[in-house]
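What the coordinates show
Residue strings, one per chain:
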Amino acid sequence: MPDSQKISEKQSEYMNLIAEIMDIRKRGEKPVAYIRTYGCQQNVADSEKIKGMLEQSGFEFADEPDNADFILFNTCAVREHAEDRVFGNVGALKSYKRENHDVVIALCGCMMQEEHVVETIRKKYRFVDLVFGTHNIYKFAELIVAAFESKGMIVDIWKDTDKIVEDLPVERKYTFKSGVNIMFGCNNFCSYCIVPYVRGRERSRDPKDIIREIERLVADGVVEVMLLGQNVNSYGKNLEHPMTFAQLLEEVEKIDGLERIRFMTSHPKDASKELFDVMAHSRHIPHYIHLPFQSGNDRVLREMNRKYDREKYLSLIRYAREVMPDISFTSDVIVGFPGETYAEFQDTLSLIREVEFTNLFTFIYSSREGTRAARMPDPVTYGEKTKWFAELLETQEEIAVRRSKRMVGTNERVLVEDRNQKSGLLSGRTGGSHTVEFSGEDALIGNFAEITVTDARGFQLHGELIR
């Protein structure tokens, strides 16, 4: 029996044990879990696995921590603000734990891979029962049992792992779309980024396992998958029989019943013409890519250790538009990297104007302990950086409004995802990752619909249902 299968079966035994323990504690009532997820799609996918294991252990889920028997925060370490929010929310549970001794409070995710964070939890948040990291999520059920049996805090943090455990239960947020991990970890070591330290080195899943998972999802009603990895473009390098990400996409494309294939995140240093050629000829991959450039200045890019320059990035954009004239781009940008000058920041603005991104995810630089950038001189004040940030937002807003207005009168195929509770309208996503709101029946949720765009307000589109 393969190691992965043995591990899955062992954890199933622990899930059954949890169900027995909770049945005794709750006297036959359903136990309730509250899960709060911070950060990226990778964390969302991890939380779905955790929810799957809890569901198999007999839990149901609540939208608030009140009256929960199990509370977990899946944390993000990318920015300081996210860490502050986690500590604030955990601190608010101290009185709840005092009044409800049996409740299990757990913390996991990227923050837990940072030694200084774990030390803070040990000293200031002693009421937390369980702390684990990113590498041993598959042991979740076993760790809960350990927390039940222990009178103190259980801390189980691994520095790294080479294990990929398949066939864990998953509780998906949506029945019609799903994230699928194709790889874990990162080898890039951008100077500002903590991810390689908290997610470990790159390791790719076997393509057969990926295809098998997607086929099962499609059989269960999924029409859209998001292929996930810290850098999907480096997929397959460490496999026994290496294959490129573009080749994996071609295999996924062959799965009957799968309507849309998305992926993130792409790194410009590994993005290839082969990838864009596959996208151009695909029936199911939208002409859209999230391709973070971070800075438009070559010196800053070198200091960031991004391993490409401005011209390399722009050459990728030009080729992609050559083979897919209708392609849309989104990106990540860091404002105020240590040592960045206003003149260098202007190079970022000029790149934004040249590419005309559909949308940008923009951040003021946040120092992360343990990264090389945290040791760099940073003479520009935060107040000055906020002025640059406002200038960037204004520039992108003008571009977004202009691009969105061009879409008025066009027909778009959208996957209808939910109903906006504020507006009362259905909300769907185009292939280019625009959100469109329109009137329609709930029966459309989870299906594709043809929409005529009737109005554009920034990145938000409004439309009318064709069919």
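About the cut-offs
Residues numbered from 1 in each chain as written. Predicted model: local features only at pLDDT ≥ 70, side-chain atom pairs only at ≥ 80, totals over all residues. Heavy atoms only, no water. Buried < 20%, exposed > 50% of the residue type's maximum accessible area, 1.4 Å probe, protein only. Helix = DSSP H or I, 4+ residues; strand = E, 2+ residues; numbered from the N terminus. Pairing = 2+ DSSP bridges. Right-handed = clockwise from strand over helix to strand, strands pointing away. Salt bridge = Lys/Arg side-chain N within 4 Å of Asp/Glu carboxyl O. Axes fitted to C-alpha atoms, helices over the stretch in contact; angles between N-to-C directions. Parallel < 35°, antiparallel > 145°, perpendicular 65-115°, else oblique. Left-handed = near helix turned anticlockwise from the far one by under 90°. Contact = heavy atoms within 4.5 Å. Nonpolar A, V, L, I, M, F, W, Y, C, P; charged D, E, K, R; others polar.

Describing the pairing of strand S11 (residues 260-264)
- Counting buried positions along S11 yields four of five residues, so the element is predominantly enclosed.
- One ladder, built from five bridges, connects strand S10 (residues 224-228) with S11; its direction is parallel. Paired with Glu224 across the bridge in S11 is Arg260.
- Taken together, S10, helix H9 (residues 245-253) and S11 form a β-α-β motif whose crossover is right-handed.

Details of the pattern of salt bridges
- Summed over all chains, the structure comprises 24 salt bridges.
- A salt bridge links Arg199 to Asp46; its shortest N-O distance comes to 3.0 Å. Taken together, the residues span a long stretch of sequence, with Arg199 in helix H7 (residues 195-199) and Asp46 in helix H2 (residues 41-56) at a distance of 153 residues.
- We classify Asp46 as buried; its relative accessible area is 4%.
- For Lys177, the salt bridge is made with Glu417, and the minimal N-O distance between the two is 2.9 Å. Of the two residues, Lys177 sits in strand S7 (residues 177-181) while Glu417 sits in strand S15 (residues 411-419), which places them 240 residues apart along the sequence.

Topic: the packing of helix H10 (residues 273-281) against helix H12 (residues 310-323)
- Interhelical geometry of H10 versus H12 gives an angle of 25° and a closest axis separation of 9 Å. Judged on the interaxial angle alone, H12 and H10 are roughly parallel. In this structure, the crossing between H10 and H12 has a hand that is right-handed. Taking contact as the criterion, the partners of Lys273, Phe276, Asp277 and Ala280 in H10 are, on H12, Leu316, Tyr319, Ala320 and Val323.
- Residue composition of the contact of H10 with H12, by class: six nonpolar, no polar and two charged.

Some points on the side chain of Ser191
- Note that Ser191 resides in the loop between strand S8 (183-184) and H7.
- For Ser191, a relative accessible area of 3% puts it in the buried group.

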